[in-house]
Amino acid sequence: IGVLKINAAYTKISRMYDAFNSWTSQVDQSNYEGRSAVIDAFNKYNVNNNFFVIAGVNYQFHDMNAQTPFGSISEAATKFTMIDPYLTAVWNSNFGLNINAGTRLNHHSAYGNQWVYNINPSYQFKKMPLKIISSISTAYVTPSLYQLYSQYGNNTLQPESNVTGEVGFEVQLFKKKMVFTAVG
């Protein structure tokens with residue numbers, strides 16, 4: 001039936017920074033705080049010896065605040081969450097063909113929804129230590145709190161997306177003690 005696993009992390013960072021301001025001959029004070037929580041819950045279902053499925057959901061919460069001589073940013077203005085349900089299927093044949101395919105729905109509280117996917121077929125030759133590998137995948141990257149709200153930030157930044165394709169090979173040498181990989 002599967003095994004449910006949950007990984008969680010919480011981070012809180014506080015930083016106070018004092019710097020001498022040569023223009024005013026005074027000490028400028030800056031205070032920064034940030035919080036992040038990440039929870040990933042997933043279940044691996046072994047359908048048979050050659051096929052398994054992983055289903056899960058990833059949750060992230062981030063916020064920060066800053067008080068500097070250049071201005072203040074409150075937690076309420078920087079708070080965002082991400083909820084990403086995902087599904088991955090892996091099939092390893094008895095004759096060398098392997099296929100790993102997955103999809104994820106990225107839901108960002110500020111930027112909305114975006115589907116991403118990956119497909120990674122490979123073929124392991126039985127009579128020689130050669131494996132042909134390939135992949136095609138999409139990505140969706142939202143700006144970080146630092147990119148948006150730091151003194152160098154730009155709060156009009158938008159998410160980036162792309163499509164990546166790769167093909168290559170792996171050669172196992174010296175009885176699998178060394179692996180040489182080339183990907184383009």
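These numbers come from a predicted model, not from an experiment.

What counts and how
Residues numbered from 1 in each chain as written. Predicted model: local features only at pLDDT ≥ 70, side-chain atom pairs only at ≥ 80, totals over all residues. Heavy atoms only, no water. Helix = DSSP H or I, 4+ residues; strand = E, 2+ residues; numbered from the N terminus. Buried < 20%, exposed > 50% of the residue type's maximum accessible area, 1.4 Å probe, protein only. Polar contact = N/O pair within 3.5 Å; in protein donor to acceptor, adjacent residues only side chain to side chain. Contact = heavy atoms within 4.5 Å. Phe/Tyr/Trp six-rings, centres within 6.5 Å; stacked < 30°, edge-to-face > 60°. Lys NZ or Arg CZ within 6 Å of the ring centre and 35° of its normal.

**Student:** Please explain unusual backbone geometry as it appears in this structure.
**Tutor:** Glycine aside, residues mostly have negative phi, and peptide bonds are mostly found in the trans state. Despite not being glycine, Ser-25 shows a phi value in the positive range, around 55°. Along the chain, Ser-25 falls in the loop between strand 1 (3-21) and strand 2 (26-48). Overall, the relative accessible area of 54% leaves Ser-25 in the exposed class.

**Student:** How do you make sense of the side chain of Asn-50 when you look at a structure like this?
**Tutor:** As for its placement among the helices and strands, Asn-50 is situated in the loop between strand 2 and strand 3 (51-68). On the basis of relative accessibility, which here comes to 19%, the residue Asn-50 falls in the buried class. A polar contact is formed between the side chain of Asn-50 and the backbone oxygen of Asn-92, at a distance of 2.7 Å. In this structure Asn-50 touches Val-90, Trp-91, Asn-92, Ser-93 and Asn-94, once residues within four positions along its chain are discounted.

**Student:** Sorry if this is basic, but what is going on with the packing of aromatic side chains here?
**Tutor:** Both the distance between ring centres and the angle between the ring planes are used here to describe each pair of aromatic rings. Considering all chains together, one arrives at 3 aromatic pairs under this definition. Ring centres of Trp-91 and Phe-95 lie 6.2 Å apart, and the angle between their planes is 70°; this geometry places the pair in the edge-to-face category. Given a relative accessible area of 30%, Trp-91 falls into the partly exposed group. Assessed through its relative accessible area of 45%, Phe-95 is described here as partly exposed. Measuring from centroid to centroid gives 5.0 Å for Tyr-123 and Phe-125, while their planes differ by 80°, and the two rings are edge-to-face. Taking NZ or CZ as reference, Lys-44 lies 4.3 Å from the ring centre of Phe-52, over its face.

Geometric values such as these leave the question of function open.
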